Amino acid sequence: MAQYTRISGSVGLITLKNPPVNALSAVVRQGIVDSVERALGEPEVKCLVICGQSGKFCGGADIREFGKKMTGPPLIPVFHAIEAAAKPVVAAIEGIALGGGLELALGCHYRIAHSKAKLGLPEVTLGLLPAAAGSQRLPRLIGVPAALDLITTGRHVTAAEALQLGIVDQVTDHNTVDAAVKFALSVAGQSLDARRISTFPCPRLSNLDAVFEAAMQKVRQAARGAIAPVACVQAVRAAATLPYAQGLEREKELMATLFTSGQARALQYSFFAQRAVGRWSMPSGARWDTSKPKPIRKAAVIGLGTMGRGITVGLAQAGLSVVAVETQEKQLMEAKQAVSGMLERGAKKRGVSPPLGNISYSSNIKTVGDVDLVIEAVFEDMALKKEVFQQLSAVCRPGTFLCTNTSGLDIDDLASQTPNPELVVGMHFFAPAHVMKLLEVVYGPRSSPQAVATAMQLGKVIGKVSVAVGNCQGFVGNRMLSPYLSQANFLLEEGATPEFVDQVLEEFGFAMGAFRMSDLSGLDVGWRVRKAAGLVVPGKPARMRQGCRYSPLGDLLCEQGRFGQKTGSGWYQYDKPGSRVAKPDPWLHSFLEEYRARHGLVARRIDHQEVLERCLYSLINEGFRILEEGIAAGPEDIDVIYVLGYSWPRHRGGPMFYADMVGLTRVLERLEFYHQAHPDVPSLQPCNLLRKLVASGTPPIHRWREVIKKVHSQL
Ligand SMILES: C[C@H](O)[C@H](C)C(=O)SCCNC(=O)CCNC(=O)[C@H](O)C(C)(C)COP(=O)([O-])OP(=O)([O-])OC[C@H]1O[C@@H](n2cnc3c(N)ncnc32)[C@H](O)[C@@H]1OP(=O)([O-])[O-]
């Protein structure tokens, strides 16, 4: 709702009330209409102030109403009525003014913001564009280049930047409503002609076409197939080239193409999925709202390689006291330098001083005796990790949580090295650990709900989106990646090239295809895991393992020292070790031909569809197995992991959402088709849960948890 009160005798105060972010639901919109009408009708009222309840102005349109039948007054006429008002209307912006919330403020005649407020038009991140005249008013107010930047990126700006850009008229450190009331009274009775933004001409640009060509090229490059950023550029162009009313029509047309698009649905699903994963649960019944986390004030990181350094930076930047331990003196010195550099660069970007004092460095593991939580990040070797856990059990005080950054080793096996396995969980960071948003929190059968709650809470404190998952080889992300990479290798055996497979996957929206990604992370990483799993054994049948098809292509490349970017050659060739530009490698093409000839394989023509379906459906199928086993509680958990950790294109929602979009019946049919052609590839054999979902009429994704629950209760 929107509450109307009269204050200071002559000020009509309209307070938006719709927790948690005062979104512009139908009721709120009607409340604004009624309140503005009342204030304009009361002769005693000389001016109006609009504010939001609980220190938040407005989070925009109510996303929960999208996809439902539209009720209540539409936004544009509401904002026009405010702009046309004969009495000054001042927006008192506290906390947030985002999307429709900023568009409401742009409809007002003046904007006063609190210094901590964040403002922006993030519609593009939801697959939309600012459709309450924001794409027409903002360019008129701040100019085309600045408006293009805000609208195509959706980034939030601080109140200080908003003042500098001309979005707000004043910034205050004090009570914003008081400041707005004082300001409103000071301008009451003054002419408002020069304050109605929709009447402003859009600032002219001598190189208008060049500006828009450059903007369009930039968004197309970054978009990876997303359509909303392109529509945003077109909407701002309308503002720069058309009268306001026609520009508004164009904005409406463009929004209509986006609103019902699959991409908008995927991005809005992703928005809510990222919030849903915080409400975690375990098969034991333990849940986010029944498990109390322990506060972590002091933490330790053991092993300061690439991951350990990034984790240390993330903890220190979040204000924690950190003990950083590296037993090799030389590595310790290098790590100290690297970590300090990362903190200084981060602080410079954020305009704060670097928290160098938060970290103490040591080569002695005995110095972690007084910490609340330890994150082990040593080399990915089980024997070494077990040794570290034994040492930690000896030096840490009772109740210290012991976490491991392993990317797929058995958490419970590590927990067996300690007297308190209930205090052991996995905290699987993604490289670079101080940048990537995702954190997989892995619980073993003996991990306590408090240990999980504490790791999830710590993830939030250091700015991560944490997802709680069960313990199994490769956890969720890497486990699903295995069939995806196997299919990519099998496709090479059958006639494809790395370039073609990667092209298909990158057209789908991945930042990098399977082979370019392997070259980046290093082929030797997978080779070590396969060796540890006993898959790389000389003399074994080349292409079968335990009765299943196996491709030794990656092993053969590693035996030749082709580890990817780091050695200057892998699936592609590179100018020199460490360079990032992948070039097709004639050597690899002849290597593949020889390999096929040696194994009696005849190359055949493989099309886009087959590459996409075999790589993605085998990954999705493994996702269904993970849901069936209860390793992940719901499809949202898997989708958030893939979007934030494995560059699955956000505008496709995630693997499980994509399966829902394609249609589970189709996914099942195609898996059955490919499994028939490749009976020795178990990852193509449709999972029972998938069959059950299809048999129960392919319910929409938000209802899969019911079917999963039923499956679990029958197990
Ligand atoms: C016409 C017009 O042009 C168009 C078409 C539009 O306007 S489109 C809409 C444009 N607006 C946006 O893109 C802003 C989206 N929201 C955010 O970016 C963030 O939420 C936040 C505002 C910066 C707060 O972050 P937070 O970290 O403090 O809390 P939270 O956990 O994220 O959110 C707290 C709770 O609020 C819910 N929520 C947040 N914004 C919402 C919104 N706009 N509508 C409905 N619910 C919303 C969210 O789901 C969560 O619910 P629950 O999980 O607790 O049940």
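Basis of the calculations
Residues numbered from 1 in each chain as written. Predicted model: local features only at pLDDT ≥ 70, side-chain atom pairs only at ≥ 80, totals over all residues. Heavy atoms only, no water. Salt bridge = Lys/Arg side-chain N within 4 Å of Asp/Glu carboxyl O. Buried < 20%, exposed > 50% of the residue type's maximum accessible area, 1.4 Å probe, protein only. Helix = DSSP H or I, 4+ residues; strand = E, 2+ residues; numbered from the N terminus. Domains from an automatic or database assignment. Expected span 1.5 Å × (residues − 1). Arc of directions from axis to C-beta. Contact = heavy atoms within 4.5 Å. Near = heavy atom within 4 Å. Polar contact = N/O pair within 3.5 Å; in protein donor to acceptor, adjacent residues only side chain to side chain. Areas by Shrake-Rupley, 256 points an atom, 1.4 Å probe, with all protein chains shown as cover. Nonpolar A, V, L, I, M, F, W, Y, C, P; charged D, E, K, R; others polar. UniProt positions renumbered as here; feature names shortened; annotations may be inferred. Pairing = 2+ DSSP bridges. Axes fitted to C-alpha atoms, helices over the stretch in contact; angles between N-to-C directions.

(A) Local environment of the pattern of salt bridges. Inspection of every chain in the model, using the stated rule, returns 42 salt bridges. Arginine 38 is paired through a salt bridge with glutamate 42; the nearest N and O atoms lie 3.2 Å apart. Note on glutamate 42: relative accessible area 15%, which makes it buried. Across the salt bridge formed by arginine 705 and glutamate 636, the nearest N and O atoms sit 2.9 Å from each other. With arginine 705 in helix α28 (residues 704-714) and glutamate 636 in helix α24 (residues 635-645), this residue pair connects regions lying 69 residues apart in the sequence. Look at glutamate 636 and you get buried, because its relative accessible area is 13%. Through salt bridges with shared partners, a single network forms among Glu493, Glu494, Arg543, Arg549, Arg604, Glu610 and Arg614.

(B) The domain arrangement of the protein, seen in detail. Along its sequence, the protein is carved into domain 1 (2-259), domain 2 (298-475), domain 3 (482-598) and domain 4 (610-714). The C-alpha centroid of domain 3 is placed 31 Å from the C-alpha centroid of domain 2.

(C) Fine view of helix α14 (residues 382-395). The first and last C-alpha atoms of α14 sit 20 Å apart over 14 residues, in line with the 20 Å expected at 1.5 Å per residue. Buried residues of α14: Met382, Lys385, Val388, Phe389 and Leu392, and no others. Down the axis, α14 shows its buried residues gathered within 120° of arc, on one side only. Exposed residues lying more than 90 degrees from the buried face of α14 are Ala383 and Ala394. Taken together, the buried residues of α14 touch β10 (298-302), β13 (373-376), β14 (401-404), α15 (411-415) and β15 (424-429).

(D) Representation of the environment of arginine 196. In this fold, arginine 196 is placed in the loop between α7 (176-187) and α8 (208-223). Looking at arginine 196, the relative accessible area reads 16%, which means it is buried. With 88 residues separating them in the primary sequence, arginine 196 and cysteine 108 have C-alpha atoms 7.8 Å apart. With residues up to four places along the chain from it excluded, the contact list for arginine 196 reads Glu83, Ala84, Ala85, Ala86 and His109.

(E) View of the site of the ligand. Around the ligand, a shell composed of 28 residues is seen, among which Ala61, Gly100, Glu103, Glu123 and Arg275 lie nearest. A distance of 3.0 Å separates an oxygen atom of the ligand from a polar atom in the backbone of alanine 131. Here arginine 279 contributes a side-chain N or O atom positioned 2.9 Å from an oxygen atom of the ligand. When the ligand sits alone it has 990 Å² of accessible area, and the protein chains cover 74% of it. Of all elements in the fold, only β5 (96-98), α3 (100-107) and α11 (262-276) reach the threshold of two or more residues within the shell around the ligand. Residue contributions to the shell around the ligand peak at three residues, all from α11. Split into classes, the residues belonging to the shell around the ligand amount to 18 nonpolar, four polar and six charged.

(F) Molecular detail of the UniProt feature "domain: 3-hydroxyacyl-CoA dehydrogenase NAD binding" (unreviewed entry) in the protein. Residues annotated in UniProt with the feature "domain: 3-hydroxyacyl-CoA dehydrogenase NAD binding" (unreviewed entry) correspond here to residues 298-471. Taken end to end, residues 298-471 comprises 38% helix and 23% strand; its first and last C-alpha atoms sit 26 Å apart.

(G) Highlighting the sheet that holds β13. Read across the open sheet, the eight strands follow the order β12-β11-β10-β13-β14-β15-β16-β17; overall the sheet is mixed. Only two strands of the sheet have a single partner each, and these edge strands are β12 (359-362) and β17 (465-470). Direction aside, the axes of adjacent strands within the sheet are offset by 25° on average. Sheet analysis places β13 next to β14, joined by four bridges and oriented parallel. Within β14, the position partnered with leucine 373 by the bridge is phenylalanine 401. Its contacts with the sheet place α24 against β16 (438-443) and β17, and it is angled at close to 130° to β17.

(H) The arrangement of the UniProt feature "domain: 3-hydroxyacyl-CoA dehydrogenase C-terminal" (unreviewed entry) in the protein in detail. Look at the UniProt record and you will see "domain: 3-hydroxyacyl-CoA dehydrogenase C-terminal" (unreviewed entry) annotated at residues 474-574 and 611-697. In the segment residues 611-697, helix accounts for 69% and strand for 0%; the C-alpha atoms at its two ends are 28 Å apart.

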